[in-house]
Amino acid sequence: MGFESFAKKMETYFGVKAEEYPQNRVAKTYMFKIQPHHIREVAKLLKEEGFNFFHTLSPVDYSPKGRGLELNYFFESIEERIWVLIRTEVPLENPEIDSIHDIFPALEACEREEWEKFGINFKGHPRLKPLLLDDTLQGKWVQRKSYIPEPHRK
Amino acid sequence: MLTKFLDFFGWARANSPWMVHYCSGCCSLEILALMGPRFDWERYGFLPVPSPRQADFIVITGLVSRKVLPVLLMTYDQMPKPRYVFAIGACAFDGGPYYDSTSVVTNIPEILPPDVFVAGCPPTPEAILDGLLEMKRIIREKREARAEREGTWREILKQELKKNPLLSQQPFFVGG
Amino acid sequence: MYKGAQIITQPVGKEGDLMVLNWGVQHPASGPMRIKVWLDGEKIVKVENDPGYVTRNLEKMLEYRTWENAVVNVERICFIDDLGTILNWALAVEKLADVEVPKNVQYFRVILAEVGRIVSHLIGIGGMFGALGVATPTMWVLALREYYLDFLEHYSGYRISTAAIVPGGVRFEPKKEDFDLLRKAVEETERRWDDYKEVFIDNPTLVERYKGIGIIPKELVFELGLRGPVARASGVDYDLRKRYPYSSYEDFNFKVVVKEEGDAYARFLVVLEEIEESVKIIKQALEGMPEGDKWKVRMPKKIKAGEAYSAVEWARGGIEYHVVSDGGTGAYRVKISAPSFMNIWALEYIAPGHKLADLATIFASLYICHGDLDR
């Protein structure tokens, strides 16, 4: 239980070392860069070790920079006041990752929103259906860098 | 004598204009302030009413997103004639600060042309009240509402109904 | 320009033995949002949220704005308390650019953020009474709110879209008259507050309709990541102002309002008592305002590549931005994580089992703003 054992387990199970993430203004944060297919095991481990408060799922499209879609999951341990950033990257051509909505129910809506805006296919999600956008924008993946809003098109 | 009597209806209507209790965007906060004690629009007879069936005018409060537009048109369609449109906020004119948004309709005056438009982002309650008094004048003179003559809202509403035939079969729906 | 829209499916119909009902979009208590309700007689069996009726896709728009220009869009996440959202934006951009603002600016930002919180909480209380159709308390809170809006109008020129906080400081130097107006508002609050509490807390209509309704257990708060007054009413002592102090909040003496019951009435009490705490903070900040005549630090036009994460305790809970810069004049990507978007999903868990008439009160007590729900 706690960050120490979580970091140790991350290193032994997945070979990932904790990195400092000083860019978080709020609290002490450690970053773990994992492989996308490990996300479910990592999420289970997070919940076991007391990182039970989910904050944000933030995908960033780095395709103009020659990289894929980066996914950032922010979690917090309420007792220890330590944040953990789980970072992974999926290719933009086929963005697929396992859904962890059953481990953290807070992610159900967030995953649904990011599916709608980025086109990330969260495997195993029960209701990947339109949430915020109207049906003219469905399937256009508006948050990707390749989508340019009408007034800005040349 | 008869015309005098008919004038009475315009006078009566103008002294108790009821608004559909419906907001499409954030300028509704200043409408809320208008309902409050400082600006107190009830001294002019204005009142929000939950059902569009009893309303005299509808307020387009700022932004109209694509998803809310059919709802707005349907609410307007359910109102009895004479019915008027009152628009506030820059978004209701050309999108305002959301001019490049992916999901905000930027040509509301072409779809549902308002009779009175109050500029601002958001307009102050004083400005809205001034516009509402102008609205009262229009109602008293029994001027024809702009949306009855022009605007593409009927075609758009028909498109929506074609997409969803269930709606037009509803007993409460009268059709524009 | 208009190309069609989302269809409102299934207006009124039947599904098996259950009645399917649309609560909203045009409903006086719902705001621009639809809630699909499955009813067995008058009992709610299942609830499904359908938000998105004020979507503007701000995250995409912010990629086309400069760092300072973005204030206009960021504050429109929700007009009710616009100051907290801009404060978070300013803090995030300052973190990116490694800029520290002077102490007097930090204190004045605290004042502005707390005024925003009071204004928002007053409307929240008005909404909770409005869902019952009780008009008098709604009018009372609106009357009190105007005093704070007077201060904002005198300071920034606008009542609700103030744009008062910018990255690097505050927009204008506050004058003596601004503080006088704020003192007047605080005095007015204290003069009226006892009367307000007498009418609000033991209001028989409110107690009857809110007590024991919509109970959110503590576990659900962690499971759904609920924030703000909703989480605090369920016994979770989580307030970013106290937990991770920012903008000199550590200098002020205030308590975090926590209730254990977790029902709609507890949420109402949390919102009500937080106003008192905010008034306390404003008074302390007015007294202890540090000397200083620098109200804005020069910010670079272009900010070096990198990222920043920032969160502040907004009126509805923690609002959090993940800002990525690629060295340009504006953000490369902004993720806005809003409290209402997290809190609204509690409705699907707690509403079943109640009567249809209770849906309005539960919804009002969740203290949702559609602006930050849809963004």
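Residues numbered from 1 in each chain as written. Chains lettered and ligands numbered in written order. Predicted model: local features only at pLDDT ≥ 70, side-chain atom pairs only at ≥ 80, totals over all residues.

Trainee: A description of helix α3 (residues 82-97) of chain C should follow, citing residues and the corresponding values.
Mentor: Between its first and last C-alpha atoms α3(C) spans 23 Å; for 16 residues at 1.5 Å apiece the expected length is 22 Å, and the two agree. Positive phi shows up at Asp98(C), right after α3(C), with a value of about 55°. (Helix = DSSP H or I, 4+ residues; strand = E, 2+ residues; numbered from the N terminus. Expected span 1.5 Å × (residues − 1).)

Trainee: Break down the pairing of strand β9 (residues 333-337) of chain C for me, citing the residues and quoting the values.
Mentor: All names here are of chain C. The element β9 is extensively covered by neighbouring structure, given that five of its five residues are classed as buried. Of the two faces of β9, the one lined by Arg333, Lys335 and Ser337 and the one lined by Val334 and Ile336 are each fully buried. Where strand β8 (residues 317-325) lies against β9, five bridges are found, and the strand directions are antiparallel. Of the residues in β9, the one forming a bridge with glutamate 320 is serine 337. (Buried ≥ 20, exposed ≤ 12 C-beta atoms within 10 Å, placed from the backbone. Pairing = 2+ DSSP bridges.)

Trainee: Hey, could you go over the interface of chain C and chain B for me, with residue numbers and the actual values?
Mentor: Between chain C and chain B, the residue contacts involve 38 residues of the former and 43 residues of the latter. Broken down by secondary-structure element, the contributors of at least two residues to the side of chain C that touches chain B are α1 (58-61), α2 (70-74) and α5 (135-156) of chain C. Sort the elements by how many residues they give to the side of chain C that touches chain B and α5(C) lands first, with four residues. In terms of residue class, the side of chain C that touches chain B is built from 21 nonpolar, twelve polar and five charged. (Contact = placed C-beta atoms within 7 Å. Nonpolar A, V, L, I, M, F, W, Y, C, P; charged D, E, K, R; others polar.)

Trainee: Could you give me a rundown of the packing of helix α3 (residues 69-77) of chain B against helix α8 (residues 153-163) of chain B, with the residues and numbers involved?
Mentor: Residue and element names in this part refer to chain B. The contact between α3 and α8 brings their axes to 10 Å, and the two run at 110°. What the angle tells us is that α3 and α8 run roughly perpendicular. Relative to α8, α3 is oriented so that their crossing is left-handed. Contact residues: α3 offers Pro70, Leu73, Met74 and Asp77, while α8 offers Trp153, Ile156, Leu157 and Glu160. Residue classes in the contact of α3 with α8 are distributed as six nonpolar, no polar and two charged. (Axes fitted to C-alpha atoms, helices over the stretch in contact; angles between N-to-C directions. Parallel < 35°, antiparallel > 145°, perpendicular 65-115°, else oblique. Left-handed = near helix turned anticlockwise from the far one by under 90°.)

Trainee: Tell me what's going on with the packing of helix α4 (residues 103-130) of chain C against α5(C), and back it up with residues and numbers.
Mentor: All names here are of chain C. At a minimum axis distance of 9 Å, the contact between α4 and α5 shows a crossing angle of 165°. Classified by the angle their axes make, α4 and α5 are roughly antiparallel. Handedness of the α4/α5 crossing: left-handed. Across the interface between the two elements, Val115, Ile118, Val119, Leu122, Ile123, Ile125, Gly126, Phe129 and Gly130 from α4 touch Pro137, Thr138, Val141, Leu142, Leu144, Arg145, Tyr148, Leu149, Phe151 and Leu152 from α5.

Trainee: Please provide a residue-by-residue account of unusual backbone geometry, values included.
Mentor: The residue after Cys121(B), namely Pro122(B), is reached through a cis peptide bond having omega -10°. If you trace the backbone, Pro122(B) turns up in the loop between β5 (116-118) and α6 (125-140). Positioned with a positive phi, Asp98(C) is a non-glycine residue whose angle comes to about 55°. Tracing the backbone shows Asp98(C) in the loop between α3 and α4. Judged by C-beta crowding, with 11 C-beta atoms within 10 Å, Asp98(C) ranks as exposed. A positive phi is found at Ser247(C), a non-glycine position, where the angle reads about 50°. Within the secondary structure layout, Ser247(C) lies in the loop between α10 (240-243) and α11 (264-287). On the neighbour-count criterion, Ser247(C) (21 C-beta atoms within 10 Å) is buried.

Trainee: So what about the sheet that holds strand β3 (residues 53-61) of chain A? Which residues, and what values?
Mentor: All names here are of chain A. The mixed open sheet is built from five strands, whose spatial order is β1-β2-β5-β4-β3. Because the sheet does not close on itself, it has two edges, and the strands there are β1 (19-20) and β3. Two elements, β3 and strand β4 (residues 69-77), share eight bridges in a ladder whose sense is antiparallel. If you follow proline 59 over to β4, its bridge partner there is leucine 71.

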